[in-house]
Amino acid sequence: VQLQASGGGLVQAGGSLKLSCVGSGRTFSDYAIGWFRQAPGKEREGVGCISVSGGNTWYADSVKGRFTVSRDNAKNTVYLEINSLKPEDTAVYYCAAGRTVTVVRLCSGYGMDYWGKGTQVTVSS
């Protein structure tokens, strides 16, 4: 599975963005997908993950209520909708796929099989 994240950009604080993670390959729907971010000088963190069916999601405490992960398996796409953007959300956002992993473990940094190239999100104050 090859993954490509897109949809990043420069946004003012309080604004919104919707990132997309498009996967290639017929088995995309067999993978849980996670969104991760890494800001300069900081460790990578999992922000939101979604199960194969989309029925289970997990979010980092720092983004709960503002980030929503969803997926459309017919389009081989997982989305990350980000609302009420804050300057501290500035980071490169990546998506990753894990085939035999729960959403909690995936977002904790375990069980990733594939990574996509990231997309930059910059939030101005």
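Our subject is the structure that appears above.
In this report, we go over the structure that sits alongside the text. Remember, it's a predicted structure, so these values are computed and weren't measured experimentally.

### Digging into the sheet that holds strand β1 (residues 2-6)
With respect to topology, 4 strands assemble into an open sheet ordered β1-β3-β8-β7, the strand pairing being antiparallel. Each having just a single partner strand, β1 and β7 (67-72) make up the two edges of the open sheet. Taking the axes of each pair of neighbouring strands and ignoring which way they run, one obtains an average angle of 15° across the sheet. Examined bridge by bridge, strand β3 (residues 17-24) and strand β8 (residues 77-82) share 6 bridges and lie antiparallel to one another. Its bridge partner being in β8, Ser 20 is matched across the sheet by Tyr 79.

### Considerations on the pattern of salt bridges
For the structure on display, the rule yields 5 salt bridges. Among the ionic pairs, Arg 66 bridges to Asp 89, the shortest N-O distance being 2.7 Å. Of the two residues, Arg 66 sits in the loop between β6 (57-59) and β7 while Asp 89 sits in the loop between β8 and β9 (91-98), which places them 23 residues apart along the sequence. Under the relative-accessibility criterion, Asp 89 is labelled buried at 1%. One network of salt bridges, in which partners are shared, links Arg 37, Glu 45, Arg 66 and Asp 89.

### Brief notes about unusual backbone geometry
In this model, Asn 76 sits at a positive phi of 50°, which is unusual for a non-glycine residue. Phi is positive for Ser 84, which is not a glycine, with a value near 50°. Mapped onto the fold, Ser 84 is located in the loop between β8 and β9. Classification of Ser 84 by relative accessible area gives partly exposed; the value is 40%.

### A look at the state of the cysteines
All told, the structure shown has 2 disulfides when counted by the stated rule. Linked covalently through their sulfurs, Cys 21 and Cys 95 form a disulfide whose S-S length is 2.1 Å. Every disulfide takes its handedness from the sign of the S-S torsion; for Cys 21 and Cys 95 that torsion is 75°, giving right-handed. With Cys 21 in strand β3 and Cys 95 in strand β9, this pair connects stretches of sequence that are 74 residues apart. Overall, the relative accessible area of 0% leaves Cys 21 in the buried class. At a sulfur-sulfur separation of 2.0 Å, the disulfide partner of Cys 49 is Cys 107. Negative torsions about the S-S bond denote left-handed disulfides, and the value of about 105° found for Cys 49 with Cys 107 makes this one right-handed. Here the residue Cys 49 occupies a position in strand β5 (residues 45-50), and Cys 107 occupies one in helix α1 (residues 103-107), the gap between them amounting to 58 residues.

Conventions we followed
- Residues numbered from 1 in each chain as written.
- Predicted model: local features only at pLDDT ≥ 70, side-chain atom pairs only at ≥ 80, totals over all residues.
- Heavy atoms only, no water.
- Pairing = 2+ DSSP bridges.
- Helix = DSSP H or I, 4+ residues; strand = E, 2+ residues; numbered from the N terminus.
- Axes fitted to C-alpha atoms, helices over the stretch in contact; angles between N-to-C directions.
- Salt bridge = Lys/Arg side-chain N within 4 Å of Asp/Glu carboxyl O.
- Buried < 20%, exposed > 50% of the residue type's maximum accessible area, 1.4 Å probe, protein only.
- Disulfide = S-S within 2.5 Å.

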